[in-house]
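Report on the structure
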Amino acid sequence: MKRYLPLILLGLIAIAFSGTASAVDIYVNSTGGDDNNDGLSWATAKASIRNATGSAADNDVIWVADGEYAGQDNRGVEINKNLTITGQSKEGTVIKLEGNPWLFKITKDSKISNLTIRDAYSDNDCTIYIENATLEIENCLFFNNTGMHGGSIRAFSSSTVTITNTTLNNN
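First things first, this report covers the structure right here in the doc. Note that the structure is a prediction, hence the values are computed from the model and not measured. (Residues numbered from 1 in each chain as written. Predicted model: local features only at pLDDT ≥ 70, side-chain atom pairs only at ≥ 80, totals over all residues. Heavy atoms only, no water.)

When its secondary structure is counted, the protein chain shows two helices and 16 strands. Restricting the contact set of the protein chain to residue pairs at least 6 apart, pairs at least 24 apart contribute 66%. Per element, the accessible surface of the protein chain, about 8900 Å² overall, is 50% carbon and sulfur. (Helix = DSSP H or I, 4+ residues; strand = E, 2+ residues; numbered from the N terminus. Contact = heavy atoms within 4.5 Å. Areas by Shrake-Rupley, 256 points an atom, 1.4 Å probe, with all protein chains shown as cover.)

Spelled out as structure tokens, the structure:
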């Protein structure tokens, strides 16, 4: 029995880790991407934030290249999985919302960083709406956003928001 013990332990370890999935990096580029791409590298980047978040799984990281992100596929995005969305640079990665609706509705713990989010108007809510989730906002710029229930961020139902190194201007 003793000689089989190492094999049994190895088998138990393999079973324990067999269900563990690794986070995937998904890339978005407004000028060189295509939503038909897999998004798994800069060379095969997605074109829109909505498509990237829809393709992502829990704990994935979405990397957004510098550029301007506008239009229907870059607003009204529901985030219902744990994601990190990171822009290439705060000043260069600009999400221009051009009015309605909101940018993100977040219902799972997430983080956004290095983004400029500007020019949103929501007669229904706000730019980022958080419900029963934790959101970390780091190194972002919110500029010129207005809404019926707050210009930039609305958190309720046991939500927590942590904001660091971020500027909110004219919201």
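Further remarks concern the pattern of salt bridges. Overall, the coordinates contain four salt bridges when judged by the stated rule. Residue K108 is joined to D58 by a salt bridge in which the shortest nitrogen-to-oxygen separation is 3.8 Å. Here K108 is found in the loop between β7 (104–106) and β8 (110–113), whereas its partner D58 is found in the loop between α2 (49–55) and β2 (60–64), with 50 residues between them in sequence. Under the relative-accessibility criterion, K108 is labelled partly exposed at 32%. Judged by its relative accessible area of 37%, D58 falls in the partly exposed class. Of the charged contacts, one joins R118 and D119 as a salt bridge, the two residues approaching to 2.8 Å between their closest N and O atoms. Judged by its relative accessible area of 17%, D119 falls in the buried class. (Salt bridge = Lys/Arg side-chain N within 4 Å of Asp/Glu carboxyl O. Buried < 20%, exposed > 50% of the residue type's maximum accessible area, 1.4 Å probe, protein only.)

Across the sheet, four strands lie side by side as β4-β7-β10-β14; this open sheet has parallel pairing. Two strands in the sheet have a free side with no partner beyond their single neighbour: β4 (77–79) and β14 (153–156). For this sheet, the mean angle separating the axes of adjacent strands, direction not counted, is 15 degrees. Pairing geometry for β4 and β7, over three bridges, is parallel. Pairing of I79 across the sheet is with I106, part of β7. (Pairing = 2+ DSSP bridges. Axes fitted to C-alpha atoms, helices over the stretch in contact; angles between N-to-C directions.)

Among the structural elements, S48 can be located in the loop between β1 (25–28) and α2. Judged by its relative accessible area of 3%, S48 is buried. Within the structure, the side chain of S48 is placed 2.8 Å from the side chain of D35, a separation counted as a polar contact. (Polar contact = N/O pair within 3.5 Å; in protein donor to acceptor, adjacent residues only side chain to side chain.)

Time to look at the packing of aromatic side chains. All told, the structure shown has two aromatic pairs when counted by the stated rule. Taking 5.3 Å as the distance between ring centres and 70 degrees as the angle between the ring planes, the aromatic pair formed by Y129 and F156 counts as edge-to-face. Taken together, the residues Y129 in strand β10 (residues 128–131) and F156 in strand β14 connect sequence positions 27 residues apart. Accessibility expressed as a relative area gives 12% for Y129, which makes it buried. Between R154 and the ring centre of F156, over which it is positioned, the NZ or CZ distance is 4.9 Å. (Phe/Tyr/Trp six-rings, centres within 6.5 Å; stacked < 30°, edge-to-face > 60°. Lys NZ or Arg CZ within 6 Å of the ring centre and 35° of its normal.)

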